[in-house]
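So you can see what is in the structure, the chains are spelled out below.
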Amino acid sequence: MSGIVERLRERANDSRDRAKPFNLMLDAAEEIERLQAAALELLAQLSDFEARIDDIDDEREFIGHVAPAAARLRSCLLDKPEAVEVEQLRAENAKLKKIIASCQWHWPADDTSSEMCSDGPWEIAENCDVRPGEVFAYSRGGVVETRWYGFLPAADDADSDDEFTVDEATEDTAAAKMNAEIARRAALTQEPINE
């Protein structure tokens, strides 16, 4: 990790006139490095304790030996929400990388209509009569998210004439909500049984 931090520091301090997105990652990388050092310190103290476990008779001696390092690590993890945020950002980054990798549709940059969708930039060049030696902008896209949608006409007991809709991230959730509404409506139309 220290190699990454050093490279980020070099890039952040680079005097050349160019964008420096590495500055944004430097703080997170330094925080990770700090947490790793605290974890290594705790592991070292635990290893030392394990080597001496037969010689330690008193629980207080164990607590005095290991507790300070454990407390330091706990404080690093609990007092620094950045560490949690870094993990969340890494997960989001991985998710976005998958989305971008699946973006296999291409359009001229100024016309993203469905008629202009192509398999690749070479096809756009052919369709738009780009001459050899010319460069052109194109947009790349694809499926960003798949969701599950369903609707029913407005219910008889509804306060408005708006349709009932479900729009969910999973098929199971959407189907469950739709089935619950269908069952609710069916219960409204059943005649009460008089005994």
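Residues numbered from 1 in each chain as written. Predicted model: local features only at pLDDT ≥ 70, side-chain atom pairs only at ≥ 80, totals over all residues. Heavy atoms only, no water.

## Quick word on the packing of aromatic side chains
In step 1: A full pass over the atoms with the stated rule returns 1 aromatic pair.
In step 2: Aromatic pair phenylalanine 136 and tyrosine 138: ring centres 6.4 Å apart, planes at 50 degrees, arrangement tilted.
In step 3: Looking at tyrosine 138, the relative accessible area reads 39%, which means it is partly exposed. (Phe/Tyr/Trp six-rings, centres within 6.5 Å; stacked < 30°, edge-to-face > 60°. Buried < 20%, exposed > 50% of the residue type's maximum accessible area, 1.4 Å probe, protein only.)

## Digging into the environment of glutamate 123
In step 1: Position of glutamate 123 relative to the elements: it lies in helix H5 (residues 121-127).
In step 2: Ignoring anything within four residues of it in the chain, the contact list for glutamate 123 reads Cys117 and Ser118. (Helix = DSSP H or I, 4+ residues; strand = E, 2+ residues; numbered from the N terminus. Contact = heavy atoms within 4.5 Å.)

## Comments concerning the environment of phenylalanine 136
In step 1: Here phenylalanine 136 shows up in the loop between H5 and strand S2 (138-141).
In step 2: Considered as a pair, phenylalanine 136 and alanine 109 are 27 residues apart in the sequence and their alpha carbons are 8.3 Å apart.
In step 3: Filtering out sequence-adjacent residues up to four positions away, phenylalanine 136 remains in contact with Pro121, Ile124, Ala125 and Val130.

## A short note on unusual backbone geometry
In step 1: Even without a glycine there, the phi angle at aspartate 129 is positive, about 55 degrees.
In step 2: Tracing the sequence through the fold places aspartate 129 in the loop between H5 and S2.
In step 3: Classification of aspartate 129 as exposed rests on a relative accessible area of 63%.

## Quick notes on the side chain of glutamate 181
In step 1: Mapped onto the secondary structure, glutamate 181 falls in helix H6 (residues 171-189).
In step 2: Non-local contacts of glutamate 181, meaning those with residues more than four positions away in its chain, are made with Leu152, Ala155 and Phe164.

## A closer look at H6
In step 1: Its 19 residues give H6 an end-to-end C-alpha distance of 27 Å, which sits within 8% of 27 Å, the value for a rise of 1.5 Å per residue.
In step 2: Buried residues of H6: Ala174, Met178, Glu181 and Arg185, and no others. Down the axis of H6, the buried set is contained in an arc of 60 degrees. They therefore lie on one face.
In step 3: Contacts from the buried residues of H6 go to strand S3 (148-152) and strand S4 (164-168). (Expected span 1.5 Å × (residues − 1). Arc of directions from axis to C-beta.)

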